[in-house]
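# Inside the fold
Take a look at the letters that make up each chain.
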Amino acid sequence: MTKYILKRIFYLFLTLFIIATLTFFLMKLLPGTPFSNQNRMSPDQLKIVKAQYGLDQSVFVQYVRYMGGLLQGNLGTSFQFNNEPVTALIGQRLAPSMQIGAQAMVVGTVLGILLGAVAAIRKNTWVDTLATFISILGLSIPSFVLAVLLQFYLAYKWHIYPVALWDNFQSSVLPTLALAALPLGNVARFMRTEMVDVMSSDYIELAKSKGNSAWKVVTKHALRNSLIPVVTIIGPMAVSVMTGSMVVENIFSIPGIGEQFVKSITTNDYPTIMGLTIFYSFLLVVIILIVDILYGFIDPRIRLGNGGKE
Amino acid sequence: MEQIPNVPKEKFKFVHDENNAEQEKIGTPSLTYLQDVRRRLFSNKVAVVCLTLLSIIVLISLFAPLVAPHNPNAQQVILSNLPPKLGNLNIPGFNGYQNMGGHMVDAYKQAGAPKGTYYLLGTDYLGRDLLSRIIYGTRLSLIVAVLATMVDLIIGVPYGIVSGWKGGRTDTIMQRIVEIVSSVPNLIVVILMMIILKPGLGSIVIAIAITGWVTMARLIRAQTFQLKEQEYVLAARTLGESSTKIATKHLIPNLSSTIIIQTMFTIPNAIFFEAFLSFIGIGIPAPNASLGTLLSDGQKAFRFLPYQMWAPAIILSIIMIATNLLGDGLRDAFDPQSDD
């Protein structure tokens, strides 16, 4: 197990290194410069500005510098946004994104588990059909469409929540709901399939025949065993919530990293784009690694026999 | 020993001749695998409804130039932001009336539209017919999705087959590459590609396909691993078939169900990405419409002119829901054991 974890951590760093290198060179291929808007700059001034950011050096020197900085946790300085270090930008904007992301994950997963479990217990009844329908809606309707609809009805028409604001919990409700739909649909579907499987297994029959109440059979035996595989889809779901948050944050004007990312794309702010790409990838690989390891600990039947992968 | 009497031939008669044939007759025609799949698919009501809906949408977008009532990019600024109107039918919401300062006003009369002009879904801020734009937009979105899916297939299927067939070292290296590609969130790669490439249809397709093939490659590899242990593959090998021939003659036909099912899940994904990119403004460039640009335009005016958002939102959602459900239906049809 230790060996496996160490190996995975090694690959994690290898992956991050490759991603950082690719992003760096891709950014160098970009058309235009971040200073093309400031057309009032004289060639001399432009030279000074370029020297300040190290853009006058050869690409290789820039690359070595960037990677060196990366090792020290330095993601460079933003060209726009008042020359702030990218790490500082991320730091300031991390909290709202994390809050919304975490809320969406929790709400989505919990409701999804309930919905899936209910659908499986009441299999082939109208409850099942309704639950399946809800989960398909959650899976299919893009989060930004949902976000706009929620904004129009709950905020603009009925004044229940603020339209686009970021201060208290109230303002995080709509973005959370918009983002929670996808994990909800995903988990519910997955949960239903698992639970249907588990409910027809021998140990459930045994638990029933021992005279346990239906409630006890479900909570003590069925639910627990169906939950294990659900852990595996948490990683990919976190990714979709992260990407969904980019545009949802824009719609609700939330000062998060997703909004920052979209903004830095439109302003050609290379260091910020690079920094955020690496940051997003880092979060993603770490989440997937944690989920994989957790899975090994939770389910004794697996124990990462074949490397934890198919 | 008793002599067997010589019985003339004519005395022999088949017992229950007709009945026997009746009993032995195979009542239902024997079905091939594909016929069986089709039967199962068509007995699934949800899948049939989705298939019909999708066929209608595909047909309309195929014949867009014939179906669309107006030129989707023709601007008529005087007739901008007109609400939907269904001819002279007086249906609330579709009668060309608009709420202005608390009163319902005939927006068409106010804009000075010539008598008899009406737009089924209204017009946008440049006076372009929304219905025509939606038809053309759906067409563009579907083209992007189909092309991206094709590229997915072209890269993903051979990659998966080679990886699974060769095994060993080749497989390890190929799987590492897959792991690295899949560990970057696809949307980020797609966005990076969109920044580098010139905006346009081709770029979107490339950007979507560059990460999209991974899932297909993984599934195909796993399947190939199983298939290559099959007897018929062993037989083909023993007979000295070349690897390419085994792949095309034996593997791909047996992988077809996996490929078809996965394709049905790739299409909504591609549609989503296109809509997403266009929504944040780095997708299909103006003046062409796609579902994403229509949504983004609609969202800007949503507060006052909600109809501009509703129509593309509904169409996009219908396509997404229908493809997802049809994918489910196909999976059940191809592999009846997969679900309950």
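This structure is a prediction, so every number in the text was calculated from the model and none was measured. Throughout, residues of each chain are indexed from 1 in the direction in which the sequence is written. By the order in which they are written, chains take letters starting at A while ligands take numbers starting at 1. With the structure being a predicted model, the display of local features is reserved for residues of pLDDT at least 70 and the display and counting of side-chain atom pairs for 80 or more, all residues being used for whole-chain, interface and lining totals. Side-chain numbers here rest on the full set of heavy atoms in the structure, without hydrogens or water.

### Structural notes on empty space enclosed by the protein
All names here are of chain B. Method remark: on a 1 Å grid restricted to protein atoms, a set of points is classed as a cavity if a 1.4 Å probe fits but cannot get out and as a pocket if it is open with protein on both sides within 12 Å along at least five of seven lines; lining residues have an atom within 4 Å of a point. Grid points are joined across faces, edges and corners, and a volume is the space filled by probe spheres set on the points. Applying the stated criterion across every chain, the model contains two cavities of 30 Å³ or more. In this model, the largest cavity occupies a volume close to 40 Å³. Asp-124, Leu-130, Arg-133, Leu-294, Asp-297, Gly-298 and Gln-308 together form the lining of the largest cavity. Here a strand is any run of E in DSSP of at least two residues, a helix any run of H or I of at least four, and the numbering for each starts at the N terminus. Those elements that place two or more of their residues in the lining of the largest cavity are helix H6 (130–166) and helix H12 (291–300). The element best represented in the lining of the largest cavity is H12, accounting for three residues. Each residue is assigned to one of three groups, with Ala, Val, Leu, Ile, Met, Phe, Trp, Tyr, Cys and Pro labelled nonpolar, Asp, Glu, Lys and Arg labelled charged, and all others, Gly among them, labelled polar. Grouping the amino acids of the lining of the largest cavity by side-chain chemistry returns two nonpolar, two polar and three charged.

### Describing helix H9 (residues 201–227) of chain B
Counting along an α-helix, one turn takes 3.6 residues, and residues three or four places apart therefore face a common direction. Under the 1.5 Å per step criterion, the end-to-end length of H9(B) is 37 Å for 27 residues, consistent within 8% with the ideal 39 Å. To get the bend at any residue, fit one axis to the seven residues that end at it and another to the seven that begin at it, then take the angle between the two axes. Residue Ile210(B) marks the point of greatest curvature in H9(B), where the axis turns by about 35°. For a helix, the expected span equals 1.5 Å multiplied by the number of residues minus one.

### Re the nonpolar core
Counting residues in hydrophobic clusters, the biggest one holds 122 residues, and the most contacted among them are Phe144(A), Met246(A), Phe261(A) and Ile191(B). At twelve residues, the largest contribution of residues to this core is made by helix H13 (residues 307–334) of chain B. Whether two residues are in contact is decided by their heavy atoms: any pair within 4.5 Å suffices. The residues contacting Met246(A), other than those within four sequence positions of it, are Gly258(A), Glu259(A), Phe261(A), Val262(A), Tyr280(A), Leu187(B), Ile188(B), Ile191(B) and Phe276(B). What makes a nonpolar core is a set of buried Ala, Val, Leu, Ile, Met, Phe, Trp, Tyr and Cys residues whose side-chain atoms join them at distances within 4.5 Å. Residue exposure (1.4 Å probe, protein chains only): buried if accessible area is under 20% of the type maximum, exposed if over 50%, otherwise partly exposed. One finds Val157(B), Val233(B), Ile246(B) and Ile259(B) within the second-largest nonpolar core, a separate group that totals 13 residues.

### As for the environment of Gly258(A)
Residues and elements named next belong to chain A. Summarising the element assignment, Gly-258 is placed in helix H11 (residues 257–266). Classification of Gly-258 by relative accessible area gives buried; the value is 0%. The spacing of Gly-258 and Ile-204 is 54 residues in sequence and 45 Å in space, taken between C-alpha atoms. The contacts of Gly-258, once residues within four sequence positions are left out, are Ser-97, Met-246, Glu-249 and Tyr-280.

### A few points about the packing of helix H10 (residues 234–251) of chain A against helix H12 (residues 270–298) of chain A
All names here are of chain A. Note on geometry: axes are lines fitted to C-alpha atoms, helical ones only across the stretch in contact, with angles between N-to-C directions running from 0 to 180 degrees. At a minimum axis separation of 8 Å, H10 and H12 run at an interaxial angle of 155°. In terms of orientation, H10 lies roughly antiparallel with respect to H12. As H10 runs across H12, the sense of the crossing is right-handed. Within the contact between the two elements, H10 uses Ile-234, Gly-235, Ala-238, Val-239, Met-242 and Met-246 and H12 uses Tyr-280, Leu-283, Leu-284, Ile-287, Ile-288 and Val-291. Taken together, the residues that form the contact of H10 with H12 break down as eleven nonpolar, one polar and no charged. Here is the rule for angles: anything less than 35 degrees is roughly parallel, anything more than 145 is roughly antiparallel, 65 through 115 is roughly perpendicular, and the remaining ranges are oblique. Two helices cross in a left-handed way if the nearer one is turned anticlockwise from the farther one by less than a right angle. They cross in a right-handed way if the turn is clockwise.

### Quick word on the side chain of Thr138(B)
Residue and element names in this part refer to chain B. Mapped onto the fold, Thr-138 is located in helix H6. Polar side-chain contacts of Thr-138 include one of 2.6 Å to the backbone oxygen of Ile-134. Beyond its immediate stretch of four places on either side in the chain, Thr-138 contacts Ile-57, Ser-61, Leu-291, Ile-315 and Ile-319. Residues adjacent in sequence count toward polar contacts only when both atoms are side-chain atoms; beyond that, a polar contact is any pair of N or O atoms within 3.5 Å, and within protein one must be able to donate a hydrogen and the other to accept it.

### A word on the confidence of the model for chain B
Residues and elements named next belong to chain B. As a per-residue measure, pLDDT reflects the predictor's confidence and takes values from 0 up to 100. The pLDDT averaged across chain B works out to 79; a share of 81% of its residues lies at or above 70. Looking over chain B, one finds the lowest element-wise mean pLDDT in helix H1 (residues 17–24), namely 64, and the highest in helix H3 (residues 45–62), namely 89. Confidence metrics for the complex model read pTM 0.79 and ipTM 0.76.

### So, the interface of chain A and chain B
Taken together, the 47 residues of chain A in the interface contact 38 residues of chain B. The term buried area refers to how much accessible surface (probe radius 1.4 Å) is lost by two components on association, counted for both of them together. Buried area between chain A and chain B, both sides added, is near 3,900 Å², and the carbon and sulfur share of it is 77%. For the chain A face of the interface with chain B, the top three residues by lost area are Ser140(A), Phe144(A) and Phe152(A), together amounting to 13%. Salt bridge, as used here: a side-chain nitrogen of Lys or Arg that lies within 4 Å of a carboxyl oxygen of Asp or Glu. Summed over the shared surface of chain A and chain B, the number is one salt bridge. Arg189(A) is paired through a salt bridge with Asp328(B); the nearest N and O atoms lie 2.8 Å apart. For the side of chain A that touches chain B, the secondary structure elements donating two or more residues are helix H1 (2–28), helix H5 (126–140), helix H6 (143–157), helix H7 (173–199), H10, H11 and H12 of chain A. If you tally residues by element for the side of chain A that touches chain B, the top one is H6(A), at eight residues. Grouping the constituent residues of the side of chain A that touches chain B by class yields 33 nonpolar, nine polar and five charged.

### A closer look at H12(A)
The first and last C-alpha atoms of H12(A) sit 42 Å apart over 29 residues, in line with the 42 Å expected at 1.5 Å per residue. For H12(A), the tally of buried residues reaches 21 of 29 residues, placing the bulk of the element in the interior.

### Notes on the packing of aromatic side chains
To pair, rings of Phe, Tyr and Trp, with the six-membered ring standing in for Trp, must have centres within 6.5 Å; the planes then decide the type, stacked if under 30 degrees apart, edge-to-face if over 60, and tilted in the middle. All told, the structure shown has eleven aromatic pairs over all chains when counted by the stated rule. Aromatic pair Phe24(A) and Tyr66(A): ring centres 5.8 Å apart, planes at 35°, arrangement tilted. You can see Phe24(A) sitting in helix H1 and its partner Tyr66(A) sitting in helix H3 (residues 59–71), a full 42 residues away along the chain. A relative accessible area of 11% places Tyr66(A) in the buried class. Their ring planes at 35° and their centres at 6.0 Å tell us that Phe144(A) and Phe272(B) sit as a pair that is tilted.

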